[in-house]
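# A structural walkthrough
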Amino acid sequence: MTLNSNLKYDHLCFSETLQNSHELNSYEICAAVGLLSRNIKIIGSSYPKQDSDLYGVRVIVSDYSTLNIDGVPLYYKGFARVSNAEFVRPGQFSKASEDDNKFGILFSNLGEYNTTRPSYVRNCAFHNGYSVAIGILNSNSIPIENNVIYRTIDYSILVKKGHS
């Protein structure tokens, strides 16, 4: 590849090797170039005070239980296969306790990964978010692969076990 002019932005990479009492650990922190736009868009609708409210779109994938008409308990467990989607203004900022998780996409209480109904987030873009982009709570082995997360409040991805 030959460039006719300099690149517009610098892309920096830092590497460091640290030694603890038993071994050397190498770390590399780099900024990759990622495409934010996608054809499929999940958009938090824009309104005048949105940037001060910090309020955007949410997707929740979880479990649910209810009683049918005969009083018999019914239990449902959700799943989501999300790929090549763009999340615009995901999440909702909250100063309340961390039990109020208002992430861009939340996988909650799904337990062990289910191969017959798999959940995943692949090749998606999350940008200009108001909370954690991807949250996984009490759900195991959900593939989160090749996603681009840009300008979000708090963590990009948050994974916690034993949390509902």
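For the structure itself, look to the data block above.
Now for a description of the structure that goes with this document. (Residues numbered from 1 in each chain as written. Predicted model: local features only at pLDDT ≥ 70, side-chain atom pairs only at ≥ 80, totals over all residues. Heavy atoms only, no water.)

Attention now moves to the environment of serine 37. Position of serine 37 relative to the elements: it lies in the loop between strand S2 (24–30) and strand S3 (40–43). Judged by its relative accessible area of 40%, serine 37 falls in the partly exposed class. (Helix = DSSP H or I, 4+ residues; strand = E, 2+ residues; numbered from the N terminus. Buried < 20%, exposed > 50% of the residue type's maximum accessible area, 1.4 Å probe, protein only.)

Turning next to the sheet that holds strand S8 (residues 85–88). In spatial order, the strands read S3-S8-S11-S14; together these four strands make up an open sheet with parallel pairing. Strands with a single pairing partner mark the edges of an open sheet, and in this sheet they are S3 and strand S14 (148–150). The average angle at which neighbouring strand axes cross in this sheet is 10°, direction not considered. Note: S8 against strand S11 (residues 125–127), three bridges, orientation parallel. Each residue of the ladder has a partner; that of phenylalanine 87, found in S11, is phenylalanine 126. (Pairing = 2+ DSSP bridges. Axes fitted to C-alpha atoms, helices over the stretch in contact; angles between N-to-C directions.)

Let us look at the side chain of arginine 89. With respect to the helices, strands and loops of the structure, arginine 89 is situated in the loop between S8 and strand S9 (105–111). Buried arginine 89, no salt bridge; nearest opposite-charge side chain is aspartate 51, N-O distance 6.8 Å. One polar contact links arginine 89 to glutamine 50, side chain to side chain, over a distance of 3.2 Å. Every residue in contact with arginine 89, bar those within four places of it in the chain, is listed here: Ile43, Gly44, Ser45, Ser46, Gln50, Gly56, Val57, His127, Asn128, Gly129 and Tyr130. (Lys, Arg positive; Asp, Glu negative; His and termini not counted. Salt bridge = Lys/Arg side-chain N within 4 Å of Asp/Glu carboxyl O. Polar contact = N/O pair within 3.5 Å; in protein donor to acceptor, adjacent residues only side chain to side chain. Contact = heavy atoms within 4.5 Å.)

A few words on a nonpolar patch on the surface. A cluster of nonpolar side chains, Leu12, Phe14 and Ile29, forms an exposed patch at the surface whose accessible area comes to about 360 Å². On the basis of relative accessible area, leucine 12 is assigned to the exposed category, the value being 53%. (Patch = residues over 30% accessible without salt bridge, like charges linked within 9 Å, V, L, I, M, F, W, Y side chains within 5 Å. Areas by Shrake-Rupley, 256 points an atom, 1.4 Å probe, with all protein chains shown as cover.)

Right, let's talk about the sheet that holds strand S4 (residues 59–61) for a bit. In spatial order, the strands read S4-S9-S12-S15; together these four strands make up an open sheet with parallel pairing. With partners counted over all chains shown, the strands left at the sheet margins are S4 and strand S15 (157–160), one partner each. Going across the sheet, the axis of each strand differs from the next one's by a mean of 10°, ignoring polarity. Bridge count for S4 against S9 is three bridges, and the pairing is parallel. Bridging from a neighbouring strand, valine 61 pairs with phenylalanine 107 of S9.

Inspection of the secondary structure assignment puts tyrosine 120 in strand S10 (residues 120–122). Linking tyrosine 120 and isoleucine 142, residues 22 residues apart in sequence, is a C-alpha distance of 5.6 Å.

With zero of seven residues buried, S2 is to be regarded as a mostly surface element. Note: strand S1 (residues 13–19) against S2, seven bridges, orientation antiparallel. Along S2, the bridge assignment pairs threonine 17 with serine 26. Hairpin connection between S1 and S2: a loop of four residues separates the two successive antiparallel strands.

What follows is about the pattern of salt bridges. Throughout the structure, instances matching the rule amount to two salt bridges. The shortest N-O distance in the salt bridge between glutamate 86 and lysine 41 comes to 2.5 Å. Within this pair, whereas glutamate 86 is found in strand S8, its partner lysine 41 is found in strand S3, the two being separated by 45 residues in sequence. Taking the shortest distance from any N to any O, the salt bridge between arginine 122 and glutamate 145 comes out at 2.8 Å. A residue pair is termed long-range when its members are at least 10 positions apart, and arginine 122 in strand S10 and glutamate 145 in strand S13 (residues 144–145) qualify at 23 residues. The class of arginine 122 is partly exposed, set by a relative accessible area of 26%. Judged by its relative accessible area of 35%, glutamate 145 falls in the partly exposed class.

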